[in-house]
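# Architecture at a glance
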Amino acid sequence: MRRGTGSIYRRAQSIRFLVGRDRRAVLSFLRTTYPGGVSLRERLALLRRFITTTNHVRTYHTQAELLRVADRILRLAGRPDLTVVEAGSGKGGSTAKLSLVTRVAGGRLLVFDSFRGIPPNDEVHRNLWGRPVVFRAGAFRGRLPAVRRTVARFGAPEVCDFRKGLFADTLPALDTPIDVGLLDVDLLSSTRTCLIHLVPRLRPGGALFTQDGHLEAVIALLRDARFWRDEVGVEPPRIRGLGRRKLLEISPV
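Right, let's walk through the structure included here.

Turning next to the sheet that holds strand 8 (residues 238-240). Across the sheet, which stays open at both edges, the seven strands sit in the order 5-2-1-6-7-9-8 with mixed pairing between neighbours. In this open sheet, the two edge strands, each paired with only one partner strand, are strand 5 (160-164) and strand 8. Strand-to-strand, the axes of this sheet are offset by a mean angle of 15°, without reference to chain direction. Pairing of strand 6 (residues 178-183) with strand 7 (residues 202-210), which is carried by five bridges, proceeds in the parallel orientation. In the sheet register, L182 faces strand 7, and the bridge partner there is F209. Here helix 5 (residues 93-105) sits on the sheet and contacts strand 1 (83-87), strand 2 (108-113), strand 5 and strand 6; the angle it forms with strand 2, its principal contact strand, is near 160°.

Right under this line is the structure:
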């Protein structure tokens, strides 16, 4: 049986995860009351679009993880100049989902990526389960035209602003406050760059999420008070799930 994107197997797996692994997050998302009149009907529509996207695009997250990020965005619905940032878009599945939520919340989505995959590096990682992890150059590549097509088909391209290039080149040019960010950048060097440039720009009530919380080197960086004070210029923030989860939520104190 074929198991790739668009297959019957993948659709069946989506349903299995929806009623199993992701059930608690789904129910919480549907039961929560959000500002700005975000209706239950709109949230059901978002959930349906999330599932459709997962069925057709290779993604690197669970529905529960993206719903946590969506929850934070929708809690800020209607905020003037609401700005969401994604660093690391992969094949565009997460970008499509974030764009849909951002549109409902009345904001814009800034998408930072080289669109050439992981850059050359010599990093060797170990994850929470003790297994070595190496990110080869070019891995997780999603070319910008292909990502745009994915967002056009499954998301809300009208709210997206794509910033192509290495994080070290594009993020210093960011000159606006942000409200929610999602990092999926894999490398320690990329995580460091993103945190240095994004955390100081978070507005009150905002949060930064990272999907690299399963990597021991990233955990060590996030636990380093000197990194936060000397390089980021803030007091060490609250970090939900540190040392226990892949998806972490970083909230400035």
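The subject of this paragraph is the nonpolar core. Within the largest apolar cluster, 37 residues are counted, with the highest numbers of intra-cluster contacts made by I73, L74 and F162. Considering every element that reaches this core, the biggest residue donor is helix 4 (residues 63-74), with six residues. One finds L110, F135, L221 and I239 within the second-largest nonpolar core, a separate group that totals 33 residues.

A few words now on the pairing of strand 9 (residues 248-251). Side-chain alternation along strand 9 places L248 and I250 on one buried face and E249 and S251 on a second face that is also buried. Sheet analysis places strand 7 next to strand 9, joined by three bridges and oriented antiparallel. The partner of L208 across the bridge, within strand 9, is I250. Bridging between strand 8 and strand 9 involves three bridges; their strand directions are antiparallel. Within the sheet, the bridge partner assigned to I239 lies in strand 9 and is I250.

With that out of the way, let us pick up the packing of helix 3 (residues 40-56) against helix 5. Between helix 3 and helix 5, whose axes approach to 9 Å, the crossing angle comes to 170°. For the element pair helix 3 / helix 5, the angle class is roughly antiparallel. When you trace helix 3 past helix 5, the crossing you get is right-handed. Facing E42, L46, R49, F50, T53 and T54 of helix 3, the residues of helix 5 in contact are G93, A96, K97, L100, V101, R103 and V104. Of the residues assigned to the contact of helix 3 with helix 5, the class counts are six nonpolar, three polar and four charged.

So, how was this worked out
- Residues numbered from 1 in each chain as written.
- Predicted model: local features only at pLDDT ≥ 70, side-chain atom pairs only at ≥ 80, totals over all residues.
- Heavy atoms only, no water.
- Pairing = 2+ DSSP bridges.
- Helix = DSSP H or I, 4+ residues; strand = E, 2+ residues; numbered from the N terminus.
- Axes fitted to C-alpha atoms, helices over the stretch in contact; angles between N-to-C directions.
- Contact = heavy atoms within 4.5 Å.
- Core = buried A, V, L, I, M, F, W, Y, C linked by side-chain atoms within 4.5 Å.
- Buried < 20%, exposed > 50% of the residue type's maximum accessible area, 1.4 Å probe, protein only.
- Parallel < 35°, antiparallel > 145°, perpendicular 65-115°, else oblique.
- Left-handed = near helix turned anticlockwise from the far one by under 90°.
- Nonpolar A, V, L, I, M, F, W, Y, C, P; charged D, E, K, R; others polar.

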